[in-house]
Amino acid sequence: MAPRRKKVYEGKAKILYEGTEPGTLIQYFKDDATAFNAQKKAVVEGKGVLNNRLSEFFMNGLTNIGVPNHFIRRVNMREQLIRQVEIVPLEVIVRNFAAGSLSKRLGIEEGTLLPRPIVEYSFKNDELGDPMVSEEYIIAFGWATQQDLDDIVSLALRVNDFLSGVFYGVGIKLIDFKIEIGRIWDNDYMRLIVADEISPDSCRLWDVKTGQKLDKDVFRRDLGNLTDAYTEVARRLGLMPANATAIHKPTVIN
């Protein structure tokens, strides 16, 4: 990292610095892994490098099919240049199969195919544990308008179609994922675009044949080495050599 850069924001997995061009930021991917609202933490060597490369791949893919997003270019192994946006304070969750909190809430067995993709929202607030919120709350509290929500659902389902197809083509089932949405202005015209990242940190990914988990649930549930899982995803997508393996073990932080 370059010295004396101004830090704009630091989250659990990324740091944002002032960008090199007006209206841009540098997004730095950390090796930190967290789960259960940061109650479980570890440093997983190489995770940031993998997520940077994977997010670049997916954002470029979205650009190629006309889905607007904040990605401009990858700068180095851990950093990418992105457009500065005003983040809508919501996590937008798309579910194709039951898993995680949905299974717990409704008693549906994990892996059950849902009747259709379900879009949910949680309020971005770590102190509150990112609680689920309804459209009624979102509109009442002014986080987004009804038109915004219509546009957000449209974006989220287009991302879902793209990701589902890409993953299925390499033998991976997209169980669910979350994205964030940002506002940008072109003169007086406001647009909503996909922001944050798309990586195994923000997706649930299962092997189509075996059901093996290839996402952050490996860390949440102590199912093996997280870097191995992310490396396998990158390998299948052609972003790493076919014989690539990861041997690093996580350093757990008490």
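The model shown is predicted, which means the values in this text are computed figures rather than measured ones. (Residues numbered from 1 in each chain as written. Predicted model: local features only at pLDDT ≥ 70, side-chain atom pairs only at ≥ 80, totals over all residues. Heavy atoms only, no water.)

### Let's talk about the overall build of the protein chain
- The number of helices and strands found in the protein chain is 6 helices and 15 strands.
- Its C-alpha radius of gyration of 18 Å places the protein chain within 12% of the 18 Å reference for a compact globule of 254 residues.
- For the C-alpha atoms alone, the extent of the protein chain along its principal axes is close to 50 × 50 × 40 Å.
- Counting only residues that meet the buried cut, the protein chain has 48% of its 254 residues in that class. (Helix = DSSP H or I, 4+ residues; strand = E, 2+ residues; numbered from the N terminus. Rg over C-alpha atoms; globule rule 2.2 N^0.38 Å. Buried < 20%, exposed > 50% of the residue type's maximum accessible area, 1.4 Å probe, protein only.)

### Thoughts on the pattern of salt bridges
- The full count for this structure, using the stated rule, is 31 salt bridges.
- Across the salt bridge formed by Glu 10 and Lys 30, the nearest N and O atoms sit 2.9 Å from each other. Of the two residues, Glu 10 sits in strand 1 (residues 7–10) while Lys 30 sits in the loop between strand 3 (24–29) and strand 4 (32–35), which places them 20 residues apart along the sequence.
- Note on Glu 10: relative accessible area 38%, which makes it partly exposed.
- In this structure, the salt-bridge partner of Arg 95 is Asp 176, at a minimum N-O distance of 3.4 Å. On the criterion of sequence distance, the pair formed by Arg 95 in strand 9 (residues 90–97) and Asp 176 in strand 12 (residues 172–186) is long-range, its members being 81 residues apart. Each member of the pair, Arg 95 together with Asp 176, is buried.
- Salt bridges sharing partners connect three or more residues here, namely Arg 95, Arg 105, Glu 110, Glu 120, Asp 176, Arg 204, Asp 217, Arg 220 and Arg 221. (Salt bridge = Lys/Arg side-chain N within 4 Å of Asp/Glu carboxyl O.)

### Remarks on the side chain of Glu 120
- With respect to the secondary-structure elements, Glu 120 resides in strand 10 (residues 113–123).
- Judged by its relative accessible area of 9%, Glu 120 falls in the buried class.
- At 2.7 Å, the side chain of Glu 120 forms a polar contact with the side chain of Arg 105.
- With residues up to four places along the chain from it excluded, the contact list for Glu 120 reads Glu 91, Val 92, Ile 93, Arg 95, Leu 102, Arg 105 and Met 132. (Polar contact = N/O pair within 3.5 Å; in protein donor to acceptor, adjacent residues only side chain to side chain. Contact = heavy atoms within 4.5 Å.)

### Some details on the pairing of strand 13 (residues 189–195)
- Note: strand 12 against strand 13, 7 bridges, orientation antiparallel. The partner of Ile 181 across the bridge, within strand 13, is Val 194. (Pairing = 2+ DSSP bridges.)

### Description of the packing of aromatic side chains
- One pass over the full model with this rule turns up 5 aromatic pairs.
- Relative to Phe 58, the ring of Phe 57 has its centre 5.2 Å away and its plane inclined at 70°; by these criteria the two rings are edge-to-face.
- Given a relative accessible area of 26%, Phe 57 falls into the partly exposed group.
- Ring centres of Phe 123 and Trp 143 lie 4.3 Å apart, and the angle between their planes is 10°; on these two criteria the pair is classed as stacked. In this pair, Phe 123 sits in strand 10 while Trp 143 sits in the loop between helix 3 (135–140) and helix 4 (146–168), placing the two residues 20 residues apart along the sequence. In this pair, the class of Phe 123 matches that of Trp 143, namely buried. (Phe/Tyr/Trp six-rings, centres within 6.5 Å; stacked < 30°, edge-to-face > 60°.)

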